[in-house]
Amino acid sequence: MNKQTLITILLALVTMAGQAQTKTATIKGYSPALKDSTVAECSIENVRVASDTVVGGQFTLTIPVEGLTKSYLFLEGEGCPNHLMTIWLRPGVNVNLTGTHCLYPLWKVESPLPEQHTLSRITEYGHDTLAEMLRLGLANAPWEEERAVYMKYLKKTMDVLPSLPVDAASLDELEGVAMTARNYKKDFQYMEQLKELEASTAARAPKGFEEQLAQIHTQVYPPHVMQVGEEAIDAELIDMQGQKHRLAEVLGQPGRYVLLDFWSLGCYPCRISEPEMRMAYEQSQGKLEIIGINQDKLSAWQENDFSKGIVWKNWNDGKMGKADVENHYCDMKAIPYYVLISPDKRILWKAAGYGVGWFMGMVCAINGPKQDNTANLQVAIREVDADAGGTTVSFRYYGQEGYWFRIAKDSYLEANGRKYKLKEANGIALDENNYPKQKASESTEGVMGKLFFADFTLTFEPFETVPSTFDFIEGDEQGAFVIRNVSVEK
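1. Digging into the overall build of the protein
Reasoning step 1: Along the protein, the regular secondary structure elements total 12 helices and 25 strands.
Reasoning step 2: Computed over its C-alpha atoms, the radius of gyration of the protein comes to 26 Å, within 12% of the 23 Å expected for a compact globule of 490 residues.
Reasoning step 3: Along the longest, intermediate and shortest principal axes, the C-alpha atoms of the protein span 80 × 45 × 45 Å.
Reasoning step 4: Burial statistics for the protein: of 490 residues in total, 52% are counted as buried.
Reasoning step 5: Sequence separation of at least 24 residues holds for 66% of the intrachain contacts in the protein that already meet a minimum separation of 6.
Reasoning step 6: Working note: accessible area of the protein is about 22,200 Å², and carbon and sulfur atoms make up 47% of it.
Reasoning step 7: With 49 positive and 65 negative side-chain charges, the protein shows a separation of 2 Å between the mean positions of the two kinds.

Written as structure tokens, this is what we have:
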């Protein structure tokens, strides 16, 4: 089965109008290597707050700020890496960046802020490793290769942090290392060093950083994360009007599934998945409740037109993705992150990223005979007809136009302690590439304009005794999937 999944780990940028701040800071940059028409952007808390177009190798950004602020610089143009560069700002501060190439995270930074000096020392210490990582990104190297270099850069960061002051910048870098350690778990080789560094940093930190230190501790020593099969737990959230709600208000309602959608305004996959999620929600016949759990600053989320257009429960964790609800439900700090919960409050499925067809396949299964198609949400069973002549199973596959899927000729049903072989297929060719050709909606734009489906049936040997449920197994080769506990009842 061919799948495409979109995921955001470092948040992208989204424009927000009507900024309330009146105080500003300035970022100026210059490199003779920058091409005219390169776009320079600055974001704060996942919101793009300023942009400029490079002319003659120069750009100037005027940034609204109120106090010490962490901002991100991003340059989009020929030769520029896909990388967010942290710049610390305060009202009235001017920051100058200069370089001779397009690898702007390596440029010289002139700033009066001690936090920027801390960050510059970290960058200088890991300069060669960071440069290698940026070049691999520009060359579109495999992520496994780039990730190995990224891990070396994190090791460099941990090595230099003990010699630096404990301030907002050093703690931010330590939190980034801790978050990566949690995301990659077994692949993170420096856990013992991180634990020692977290303890020593907390011991010498000045007052005022207690909340950030607590967040770092949570990443280094994460609480139990709920897994598939466990019972969902309660959490407190906030709606667009500032009213408090609890997950318990929605969980455990007879016949109703609950989908938790952890998302952010700056997350591209989060936003492009919304039309398919909306269509699935509308076609769920009241059997699916969606709870959007936004991770942006409350004011940015409440004032955004995209947020206002969400039709399901639209709530916020109140801590920009650092609340207990994420810590207990999400295996990694990545968005979008989805958790599907059954009517009896059991976790059925969890995933980071978005695959086209997931939500329509999910709702197709919810509306069809009882089944568990979470091994591959794009394929759902719509009907089962079991009689003495054989068992005919009607399927629907949802996917992106031009993307193929396959069904193995050695697929079978499993029930009554035995296998029932596949006898006949209609609507698809077995062991060959099949393409969905029926449009899922009238839309011609975005994902919905590319979302198609294919209906087909498979007929298997008859059951000697008709079971209450059976499993569909798509062959025994690597990559095969299973639809479990399919009900025979009409």
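Right, picking up where we left off after that structure.
2. Things to note about the state of the cysteines
Reasoning step 1: On inspection of all chains with the given rule, the structure shows one disulfide.
Reasoning step 2: Unpaired in terms of disulfides, Cys80 finds its nearest cysteine sulfur in Cys102, a separation of 4.6 Å.
Reasoning step 3: Not engaged in a disulfide, the cysteine Cys330 finds its nearest cysteine sulfur in Cys270; these two sulfurs lie 11 Å apart.

3. Thoughts on the packing of helix H2 (residues 127-138) against helix H3 (residues 143-160)
Reasoning step 1: Relative to each other, H2 and H3 sit at 160°, their axes nearing to 9 Å. Taken together, the axes of H2 and H3 lie roughly antiparallel to each other. The element H2 and its partner H3 pack so that their crossing is left-handed. Along its contact with H2, which presents Thr129, Leu130, Glu132, Met133, Leu136 and Gly137, the element H3 presents Glu145, Glu146, Val149, Tyr150, Lys152, Tyr153 and Lys156.

4. Overview of the side chain of Thr391
Reasoning step 1: Positionally, Thr391 belongs in strand E19 (residues 390-400).
Reasoning step 2: Residue classification places Thr391 among the buried residues on the basis of a relative accessible area of 0%.
Reasoning step 3: Setting aside residues up to four positions removed in sequence, Thr391 forms contacts with Val384, Asp385, Ala386, Leu413, Leu458, Thr459, Phe460, Glu461, Pro462 and Phe463.

5. Some words on the sheet that holds strand E6 (residues 69-76)
Reasoning step 1: Judged by pairing direction, the sheet is antiparallel, and its four strands sit side by side in the order E4-E3-E6-E7 without closing on themselves. Taken across any chain shown, the strands that pair with only one partner, and hence form the sheet edges, are strand E4 (47-53) and strand E7 (85-89). The sheet shows a mean angle of 30° between the axes of neighbouring strands, direction not considered.
Reasoning step 2: Where strand E3 (residues 39-44) lies against E4, six bridges are found, and the strand directions are antiparallel. Residue pairing in the sheet places Glu41 in a bridge with Ser51 of E4.

6. Focus on the pattern of salt bridges
Reasoning step 1: Tallying each qualifying case throughout the model produces 23 salt bridges.
Reasoning step 2: Among the ionic pairs, Lys70 bridges to Asp172, the shortest N-O distance being 2.7 Å. Of the two residues, Lys70 sits in strand E6 while Asp172 sits in helix H4 (residues 168-184), which places them 102 residues apart along the sequence.
Reasoning step 3: Owing to a relative accessible area of 23%, Lys70 belongs among the partly exposed residues under this scheme.
Reasoning step 4: Here Glu461 and Arg418 are joined by a salt bridge, their closest N and O atoms 3.1 Å apart. Separated by 43 residues along the polypeptide, Glu461 in the loop between strand E23 (451-460) and strand E24 (469-473) and Arg418 in strand E21 (residues 418-426) bring together distant segments of the chain.
Reasoning step 5: Residue class for Arg418 comes out partly exposed when judged on its relative accessible area of 30%.

7. Structural notes on the packing of aromatic side chains
Reasoning step 1: In total, this model carries 17 aromatic pairs according to the counting rule given.
Reasoning step 2: Grouped by ring-pair contacts, the aromatic residues Phe395, Tyr397, Phe405, Phe456, Phe460, Phe472 and Phe481 constitute a single cluster.
Reasoning step 3: Cation over ring: Arg406 sits above Trp404, and NZ or CZ is 5.6 Å from the ring centre.

8. Details of a negative patch on the surface
Reasoning step 1: There is a patch of like negative charges on the surface, built from Asp410, Asp431, Glu432 and Glu477.
Reasoning step 2: Here Asp410 is to be found in the loop between E19 and strand E20 (412-415).
Reasoning step 3: The class for Asp410 is partly exposed, based on a relative accessible area of 38%.

9. Observations regarding the packing of helix H1 (residues 114-125) against H3
Reasoning step 1: At a minimum axis separation of 9 Å, H1 and H3 run at an interaxial angle of 125°. By the criterion of interaxial angle, the relationship of H1 to H3 is oblique. Crossing angle aside, the handedness with which H1 passes H3 is right-handed. Contacts between H1 and H3 pair Ile122, Thr123 and Tyr125 from the former with Tyr153, Lys156, Thr157, Asp159 and Val160 from the latter.

10. Some points on helix H11 (residues 358-367)
Reasoning step 1: Buried residues dominate H11, accounting for nine of its 10 residues.
Reasoning step 2: Those residues of H11 that fall on the buried side of the exposure criterion are Trp358, Phe359, Met360, Gly361, Met362, Val363, Cys364, Ala365 and Ile366.

11. Points about the nonpolar core
Reasoning step 1: Formed by 67 residues in total, the largest nonpolar core has its most connected members in Ile27, Phe59, Ile63 and Leu97.
Reasoning step 2: Of all the elements, H4 adds the most residues to this core, at eight residues.
Reasoning step 3: Beyond its immediate chain neighbours, meaning those up to four positions away, Ile63 contacts Lys23, Thr24, Ala25, Ile27, Cys42, Ile44, Val49, Ala50 and Leu89.
Reasoning step 4: Judged by nonpolar contacts, the second largest core, of 39 residues, contains Met240, Ala280, Trp301 and Cys364.

12. Observations regarding the side chain of Arg147
Reasoning step 1: Tracing the backbone through its elements, the reader meets Arg147 in helix H3.
Reasoning step 2: According to the relative accessible area criterion, Arg147 is buried, its value standing at 15%.
Reasoning step 3: Polar contacts involving the side chain of Arg147 include one to the side chain of Glu144, which spans 2.7 Å.
Reasoning step 4: A polar contact of 3.5 Å, which involves the side chain of Arg147, links it to the side chain of Asp187.
Reasoning step 5: With sequence-adjacent residues up to four places away left out, Arg147 is seen in contact with Tyr184 and Asp187.

Calculation criteria
- Residues numbered from 1 in each chain as written.
- Predicted model: local features only at pLDDT ≥ 70, side-chain atom pairs only at ≥ 80, totals over all residues.
- Heavy atoms only, no water.
- Helix = DSSP H or I, 4+ residues; strand = E, 2+ residues; numbered from the N terminus.
- Rg over C-alpha atoms; globule rule 2.2 N^0.38 Å.
- Buried < 20%, exposed > 50% of the residue type's maximum accessible area, 1.4 Å probe, protein only.
- Contact = heavy atoms within 4.5 Å.
- Areas by Shrake-Rupley, 256 points an atom, 1.4 Å probe, with all protein chains shown as cover.
- Lys, Arg positive; Asp, Glu negative; His and termini not counted.
- Charge placed at Lys NZ, Arg CZ, Asp CG, Glu CD.
- Disulfide = S-S within 2.5 Å.
- Axes fitted to C-alpha atoms, helices over the stretch in contact; angles between N-to-C directions.
- Parallel < 35°, antiparallel > 145°, perpendicular 65-115°, else oblique.
- Left-handed = near helix turned anticlockwise from the far one by under 90°.
- Pairing = 2+ DSSP bridges.
- Salt bridge = Lys/Arg side-chain N within 4 Å of Asp/Glu carboxyl O.
- Phe/Tyr/Trp six-rings, centres within 6.5 Å; stacked < 30°, edge-to-face > 60°.
- Lys NZ or Arg CZ within 6 Å of the ring centre and 35° of its normal.
- Patch = residues over 30% accessible without salt bridge, like charges linked within 9 Å, V, L, I, M, F, W, Y side chains within 5 Å.
- Core = buried A, V, L, I, M, F, W, Y, C linked by side-chain atoms within 4.5 Å.
- Polar contact = N/O pair within 3.5 Å; in protein donor to acceptor, adjacent residues only side chain to side chain.

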